[in-house]
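One-letter residues, chain by chain:
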Amino acid sequence: MATQPTNNAVPSESPRDLKFNAGKIDEFVTSMGWQYTDRFGVKHYTIEGLRWIAQQAISAFGYITLKSFQLGAPLPNNELTLPNQILQDETDGEYYRWDGEIPKRVPAGSTPQSTGGVGKGAWVSVGDASLRANLADDGGVELVKNAVDKRGDAMQRLNITGDSTASATGNLVVGNLPIPAGSDAARDAITVSRLIQNGPTNCHAFADRTVIDTATDYGGYGAFDATTVLKGPHTHNHVYSYQDRTFYDGSGILENMRGLISTPSHRGSGTIQNRIGAYINDTVLSGAGNIVEQSGLYIEHLQAAGANVAINVRQVSGLGYYSPFGGKMFQNGSAGFGVDPSVSLFPVNFRGDQLGTFYGFATTDGNGMAMGVTGDNKIQLVAAGETRLQIKQAATFNRAITPGNDNLTPCGDQVNRFSEVHAGTGVINTSDGREKTKPITVSDLSERLCGEDNSDVILDAWGDVSLIAFKWLSAIKEKGDDARWHFGVIAQQVKEAFDKRGIDGTIFGLLCYDEWDDQFDIIPAEVIHHPDEFKDEFLTNEDGETYINKVLIKESWHEVTEPERKVLVTPAGNRWGIRADQCLWLEAAYQRRERNRLDERVKKLEEAVFKTS
């Protein structure tokens, strides 16, 4: 039975621990494994593990190549002083690394065999000369597991003699269709050139059928990864990671031609946090250059088809377009929005953000903005599911601009008034007797308010109101002495005239009083969106391999750089007013009464004159 150590603190004098540690020293020195476990269950690297780590470091930082065994190590005393310094054997071109103690002396005229031999703890081959030679021999393909001479179509090395356009390094052609001399394909690294004739076509020029099972790192996988590097001072026309230049030479029907199609499947029980069909990121600027213009998606003018659509979004639910960070849309020309009335009544639907208000339409164009409908149809402004304002059809309603309700919506209010009304004809006021109470005279109303024998109170009060000429103070402020004169009454005088007779003048439609609180505009908050923040955590799997695990340290969040605020537009206040038409009706009643009284006096005078005569 193996020795069981104690859990004594370090250093332990227990014989059991000393015996256990002796075995661990042997395991540390002679084991070919990379790690061993101490008496506390903690893993440590063995000498072989440390050697493996050193090899990984050398691979990461690269080798320092030196010439040569035959010339001697080109260093002081012909000594190699670093484990990643390698020497070439000029007899076969192979490079070797010293796996023994450093420094290692290699005098001129040496070979690997004459300076320690080849093997573990001696010279170790790190080149590929011998591997390339073995692969070039007959049967070299058998050195690669599961490799075969040909897979599917034939593969050939492109070698066009005398063709100045051919690549200096040659290319690989997959397929049985020859490449003509002088073609651009002569410079392509891999060319698929197949002739599929009178056969099925459910196949692909390139198919990636990789299976990744139980990945141990946080990394990712790409079926195709373009990391092209373009250098030099010359002007180049383009660098494309992917080009679609399909030719259709058929005479039948091709139902669909698509440059890129993305139709993934989720067949597991896990969660895909974010699936994006096409992801376009910003360009990383790490040098001194600049980018003049950048487009995430660029569509040229499409006009070849009978119906041309630049972007066709077939989203039934959710959002057809989403720009959460203030992205803008610009249309140089006419922008049209179509809607199927059976699906939605509102072709353009603006939704505000919870962090601030939202303006549905805004323009900086000096020509303003035009909004309309096709044909003689009604235009409506809707809020809270209610039509607030509408322009009716010309054919049936003579283009009338009306509220959405009847006799409930004012035109202007006590805070925001219209300055003038320009009209071709006068105002039409409803005066249908079917919509009024049983009519009474002004005298009857006076007696109802002030008792019998007070039939003249209302008209007497109105007779005390002065008809005046005046100028508006706001007009004087704007126009000075050029402000025009107006005629009318003072609302406060009207109030005082009725107050003297014990009547509240505001019970009549001619006298109005309004007051309001402070009026504010809401300025939306200014918000910056911060994405999720991660940190790299370096972990080691059961095989001793180091991998990176991404750890979320802070979820995405909104930073309010400027909070929502209110701007005072109109201070709190009050205002007296009159309805001119009501004043004129009362003035007419007053004048009628005075005329009747005058007629009565004239009649009496005439009777007295004619009686005495």
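Residues numbered from 1 in each chain as written. Predicted model: local features only at pLDDT ≥ 70, side-chain atom pairs only at ≥ 80, totals over all residues. Heavy atoms only, no water.

## Concerning the overall build of the protein chain
For the protein chain, the helix and strand inventory stands at nine helices and 24 strands. Within the span of the protein chain, comprising 613 residues, buried residues form 15% of the whole. Long-range contacts, defined as pairs at least 24 residues apart, comprise 39% of the intrachain contacts of the protein chain with a sequence gap of at least 6. For the protein chain, the exposed area adds up to about 49600 Å²; of that, 51% sits on carbon and sulfur atoms. (Helix = DSSP H or I, 4+ residues; strand = E, 2+ residues; numbered from the N terminus. Buried < 20%, exposed > 50% of the residue type's maximum accessible area, 1.4 Å probe, protein only. Contact = heavy atoms within 4.5 Å. Areas by Shrake-Rupley, 256 points an atom, 1.4 Å probe, with all protein chains shown as cover.)

## Section: the pattern of salt bridges
The final tally for this structure, using the stated rule, is 16 salt bridges. In this structure, arginine 501 and aspartate 464 form a salt bridge, with 2.7 Å as the shortest nitrogen-oxygen distance. Pair noted here: arginine 501 is in the loop between helix 8 (491-499) and strand 17 (511-516) and aspartate 464 is in the loop between helix 6 (457-463) and strand 15 (468-470), with a separation of 37 residues, a long-range link. Its relative accessible area of 44% is what places aspartate 464 among the partly exposed residues. In this structure, the salt-bridge partner of lysine 495 is aspartate 499, at a minimum N-O distance of 2.8 Å. Taken together, the residues lysine 495 and aspartate 499, both in helix 8 and four residues apart, mark about one turn of the helix. For lysine 495, a relative accessible area of 29% puts it in the partly exposed group. Given a relative accessible area of 36%, aspartate 499 falls into the partly exposed group. Connected through salt bridges with shared partners, the residues Asp456, Asp460, Arg593, Glu594 and Arg597 form a single ionic network. (Salt bridge = Lys/Arg side-chain N within 4 Å of Asp/Glu carboxyl O.)

## Section: the sheet that holds strand 13 (residues 386-391)
Across the sheet, which stays open at both edges, the three strands sit in the order 12-13-14 with antiparallel pairing between neighbours. A single partner strand is all that each edge strand has here, and the edge strands are strand 12 (379-383) and strand 14 (401-403). For this sheet the average axis-to-axis angle between neighbouring strands, irrespective of direction, equals 20°. Sheet topology note: the strand 12/strand 13 ladder contains five bridges and is antiparallel. Bridging across to strand 13, leucine 381 finds its partner in leucine 389. (Pairing = 2+ DSSP bridges. Axes fitted to C-alpha atoms, helices over the stretch in contact; angles between N-to-C directions.)

## A few points about the sheet that holds strand 5 (residues 85-89)
Spatially, four strands are ordered 3-5-6-8 in an open sheet, and the strand pairing comes out mixed. Because the sheet does not close on itself, it has two edges, and the strands there are strand 3 (64-66) and strand 8 (123-125). Looking at each pair of strands side by side, their axes are set apart by 40° on average, direction ignored. The pairing of strand 6 (residues 94-98) with strand 8 spans three bridges and is classified as antiparallel. When the bridges of strand 8 are listed, tyrosine 96 appears paired with serine 125.

## A closer look at helix 8
The complete set of buried residues in helix 8 reads Ala491, Val494, Ala497 and Phe498. End-on, the buried residues of helix 8 take up no more than an arc of 120°, which puts them together on one face. Next to the buried residues of helix 8 lie helix 6, strand 17, strand 24 (573-578) and helix 9 (580-612). (Arc of directions from axis to C-beta.)

## Some thoughts on unusual backbone geometry
Looking along the chain, the bond that leaves lysine 67 and enters serine 68 is cis, with omega of -15°. Here serine 68 is to be found in the loop between strand 3 and strand 4 (79-80). Backbone torsion omega between isoleucine 102 and proline 103 reads 5°, so that peptide bond is classified as cis. Relative to the helices and strands, proline 103 is located in the loop between strand 6 and strand 7 (104-105). A positive phi angle, near 60°, is found at asparagine 77, a position not held by glycine. Note on placement: asparagine 77 falls in the loop between strand 3 and strand 4. Note on asparagine 77: relative accessible area 57%, which makes it exposed. One non-glycine residue, asparagine 398, adopts positive backbone phi at about 55°. Within the secondary structure, asparagine 398 sits in the loop between helix 4 (394-397) and strand 14.

## Topic: the side chain of arginine 39
Tracing the backbone shows arginine 39 in the loop between strand 1 (35-37) and strand 2 (43-45). Apart from the residues within four sequence positions on either side, arginine 39 is in contact with Pro5, Thr6, Asn7, Asn8, Ala9, Val10, Ser12, Asp17, Phe20 and Asn21.

## Brief notes about the nonpolar core
Grouped together as the largest cluster of nonpolar side chains are 18 residues, with contacts concentrated most on Trp462, Val494, Phe498, Leu510 and Leu586. Those elements giving two or more residues to this core turn out to be helix 6, helix 8 and helix 9. Looking at this core element by element, the count peaks at five residues for helix 6. The residues touching leucine 510, leaving out its near neighbours within four places in the chain, are Val494, Phe498, Gly577, Ile578, Arg579, Gln582, Cys583 and Leu586. Core analysis: the next-biggest nonpolar cluster, separate from the first, contains ten residues, Leu66, Phe69, Leu87 and Tyr96 among them. (Core = buried A, V, L, I, M, F, W, Y, C linked by side-chain atoms within 4.5 Å.)

## Notes on the environment of proline 524
Considering the arrangement of structural elements, one finds proline 524 in the loop between strand 18 (519-523) and strand 19 (526-530). Each C-alpha atom of the pair proline 524 and arginine 565 lies 6.9 Å from the other, and the pair is 41 residues apart in sequence.

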